[in-house]
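A look at the structure
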Amino acid sequence: MNVLNKMVQFPLIFAQSAILKLEKYQYETSILRKWEQVSVDPAIIEKIKSADKAHSNKQPVSSLPSTEQQIINQIKQKKKLSNVNNITRTKAYLDFYEKHPEIHWALLAHLVSRNGGWNTTDLKGELSEVLHQTKKIDFFMFLETANALIFHDAYPQLLLYEESKKQGQNLFHLLPYFHVSSFMLPIWNHFFEYKDSKLLTISLIINEQHYIEERVIKNSIFQEKVLNTILFQAQEFLQITQVIFPFEWNENNRMTGLSISNFSSVSNRIEIGKKLYALLFGVSPLFEDISTFVRNTPHTGSRQDYWPNYYSTKKQKDTRKKIWSPLLEMAWPNINHSFTDSRDWFHHKDQKVYLFYKPVDLPPTIDITVENYRKIQKIHLAILTYKNAKQLL
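Below or above, wherever it landed, is the structure these notes cover. (Residues numbered from 1 in each chain as written. Predicted model: local features only at pLDDT ≥ 70, side-chain atom pairs only at ≥ 80, totals over all residues. Heavy atoms only, no water.)

Our next topic: unusual backbone geometry. Going from S284 to P285, the amide bond is cis rather than trans, its omega being 5°. Mapped onto the elements of the fold, P285 is located in the loop between β5 (283–284) and α13 (286–296). For H179, which is not glycine, the phi dihedral falls at a positive 60°. The phi dihedral of K195 falls on the positive side, at around 55°, and the residue is not glycine. Of note, K195 is situated in the loop between α8 (185–194) and α9 (197–217). (Helix = DSSP H or I, 4+ residues; strand = E, 2+ residues; numbered from the N terminus.)

Along the chain, the position of R269 falls in helix α12 (residues 266–281). We classify R269 as buried; its relative accessible area is 4%. Here the alpha-carbon distance between R269 and I205, two residues 64 residues apart in the chain, equals 8.8 Å. Not counting chain neighbours up to four residues away, the residues in contact with R269 comprise Q209, I212, E213, I217, F263 and S264. A polar atom in the side chain of R269 sits 2.6 Å from the side chain of Q209. (Buried < 20%, exposed > 50% of the residue type's maximum accessible area, 1.4 Å probe, protein only. Contact = heavy atoms within 4.5 Å. Polar contact = N/O pair within 3.5 Å; in protein donor to acceptor, adjacent residues only side chain to side chain.)

Two side chains carrying opposite charge are able to pair once their charged atoms lie near each other. Inspection of the entire model under this criterion finds 16 salt bridges. Residue R254 pairs with E23 through a salt bridge whose shortest N-O separation is 2.6 Å. Residue R254 is found in strand β4 (residues 252–259), and its partner E23 is found in helix α2 (residues 10–28); the two are separated by 231 residues along the sequence. The buried category is assigned to R254, whose relative accessible area is 2%. Connected through salt bridges with shared partners, the residues E213, E214, K218 and R269 form a single ionic network. (Salt bridge = Lys/Arg side-chain N within 4 Å of Asp/Glu carboxyl O.)

Viewed as axis vectors pointing N to C, helix α6 (residues 104–122) and helix α7 (residues 133–167) meet at an angle of 160°, and their least axial separation amounts to 10 Å. Considering the angle they form, α6 stands roughly antiparallel to α7. As for how α6 packs across α7, the hand of that crossing is left-handed. Between α6 and α7, the residues in contact are W105, A106, S113, N119 and T120 and F140, L143, N147, I150, A154 and L158, respectively. (Axes fitted to C-alpha atoms, helices over the stretch in contact; angles between N-to-C directions. Parallel < 35°, antiparallel > 145°, perpendicular 65-115°, else oblique. Left-handed = near helix turned anticlockwise from the far one by under 90°.)

Scanning all chains against the criterion turns up four cavities of 30 Å³ or more. By volume, the largest cavity is sized at about 640 Å³. Around the largest cavity, the lining comprises 30 residues; the ones closest to its centre are V112, I150, Q209, V243 and F263. Among the secondary structure elements, those contributing two or more residues to the lining of the largest cavity are α6, α7, α9, β3 (242–249) and α12. The element that contributes the greatest number of residues to the lining of the largest cavity is α6, accounting for eight residues. Partitioned by chemical class, the residues of the lining of the largest cavity number 19 nonpolar, nine polar and two charged. (1 Å grid on protein atoms, 1.4 Å probe; cavity = no way out; pocket = protein on both sides within 12 Å on 5 of 7 lines; lining within 4 Å. Points joined across faces, edges and corners; volume = space filled by probe spheres on them. Nonpolar A, V, L, I, M, F, W, Y, C, P; charged D, E, K, R; others polar.)

Summarising the sheet, β3 and β4 pair through eight bridges and their orientation is antiparallel. Bridging across to β4, V243 finds its partner in L258. Count of turn residues in the β3/β4 antiparallel hairpin: two residues, of which N250 carries a positive phi of about 50°. (Pairing = 2+ DSSP bridges.)

The subject of this paragraph is α6. Here α6 is 19 residues long and its end C-alpha atoms lie 28 Å apart, about the 27 Å a rise of 1.5 Å per residue gives. Of all 19 residues making up α6, 18 are buried, and the element is well covered by its neighbours. (Expected span 1.5 Å × (residues − 1).)

The subject of this paragraph is the packing of helix α3 (residues 42–50) against α8. At a minimum axis distance of 9 Å, the contact between α3 and α8 shows a crossing angle of 115°. When the axes of α3 and α8 are compared, the crossing they make is right-handed. Across the interface between the two elements, I44, K47, I48 and K49 of α3 pack against P186, I187, H190 and Y194 of α8. Of the residues that constitute the contact of α3 with α8, the class distribution is five nonpolar, one polar and two charged.

With that settled, the discussion passes to the nonpolar core. Counting residues in each nonpolar core, the largest one holds 115 residues, and the members touching the most others are W105, F142, W188 and Y357. The element that contributes the greatest number of residues to this core is α7, accounting for 14 residues. Those residues in contact with W188 that lie beyond four places of it in its chain are I103, Q157, L158, Y161, F172, L175, L200 and L204. (Core = buried A, V, L, I, M, F, W, Y, C linked by side-chain atoms within 4.5 Å.)

Next up on the list: the packing of aromatic side chains. Within this structure, the stated rule accounts for 26 aromatic pairs. Plain terms: the ring middles of F142 and F222 are 5.6 Å apart, the flat faces sit at 75° to each other, and that makes the pair edge-to-face. With a gap of 80 residues between them, F142 in helix α7 and F222 in helix α10 (residues 220–227) connect regions that are remote in the sequence. The same class applies to F142 as to F222, namely buried. For the pair F183 and W345, a centre-to-centre distance of 5.0 Å together with 50° between the ring planes defines the contact as tilted. On the criterion of sequence distance, the pair formed by F183 in the loop between α7 and α8 and W345 in the loop between α14 (328–331) and β8 (360–361) is long-range, its members being 162 residues apart. By relative accessible area, F183 is classed as buried at 0%. The ring of W35 carries the charged tip of K198 above its face, separated from the ring centre by 4.2 Å. In this arrangement the basic side chain of R269 is found over the ring face of F263, its NZ or CZ atom lying 5.9 Å from the centre. (Phe/Tyr/Trp six-rings, centres within 6.5 Å; stacked < 30°, edge-to-face > 60°. Lys NZ or Arg CZ within 6 Å of the ring centre and 35° of its normal.)

Below you can see the structure in the form of C-alpha cells.
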C-alpha cells in the first residue's frame, strides 16, 4: 500500500517540482557572477615554487624554544578535542572561519563536512534500509576516515596561522611537527605576507585531496569494500557523491552544489573542490544566503537541517510523508583513529605543481533544488517498492 499511496501523490510531486523550478528561475536571474573562473596567476606559483629551495629542518621538539614547544602541544590538544566526530569537526571549521574570514577554505571545509555528516546518517536512515548492516559499516568507515584525516591534517595548519596572526610573526617553520606536507610550507609563508585567499584555498584543496589519496582512496580495504562495489558506482543511490550547499532565500531553504563523477580520480576531486569554492565565494547573493543558513542552522548530521519539509529525525508512521534522517549522535558511535601514516605525498622532483592549479569555470547551474527534489522522490519510491516487495515474500 505504501507504494500505491506514494504514487497517488504524483500530482502533488509534479506540482511541487513546478513551484521549485519557477523559484529556481527567479533566483538564477537575480544573481551576479563575480567570478566566471577560478584561477591563480601562474607567475605567483612560479615565484613561490622557485623560492622553495630550502626547507625547514625538523629538529627534535626538545631542542625548540619552550614557547614553541608549548604552541605545538596546545595545537595538538585542540585538534584532539575537536576531532571527536563529524559534528565537532564541522563546528570547529565554522568557529575558525568566523574569527578568520580571510581563510576561505575553513568555510568551504565546514560545508563539505556537513555533507560528510549527512552521508553517514543516510546509512542509518530510511533511504538505505535496503543495505546490509555490514555494508553500512564499510561505507561509514570510509566516509568517517576521510573526514577525520582531512581534519587531522588541516586543522593544525589553521591553528598555527591563528597563533602566527596573534603573535604577529610567521610560525610556519613548525608545520613539519604536525607532519604537514612540504607542499604547504611556501604557500603559508606567501599567504602570511600577501593574504592571497584564493591561492591558499586552492592549495589546501589540492593538499587535502592528495593527503587522503593513499590513505583512503587507494587503501586496499576501502577499494574492495566500498569504491569497487556496485552500490558505490550506482552513485544516485546514496547521494554519496553529491555535495550540497543549502542556502536561505525567501524564508525557505534551497540548494546549490555538484555531483562528483569518477570519485577515485584525485584530479577530478580537486576540480570539484575548486568549482564548489567558486559557487561559494564567486556568486552574489549566494554567498550571503549560504552564510545565513550556516549561521542559523547548527549541524546535526540529519538532512532535516536543510529540508525539514521532506526529512525528519523521527521515523514516520506514514512513510509517504517525510523521509527518516536520524541525528548523527543517534546513528553512529565515535571512532578512535590512529593517524600513524606521516608520509608526505609531495615529491618535488617528479611532480609538476603547476598542473594542479589549472583554471576551472563556474558551474552553469547554480540552483539545484528541483533536481534534488526529483532525485529524493525517485529514491524514496524505489525504497518503498523494495520494502513492499519484501513484505510480500
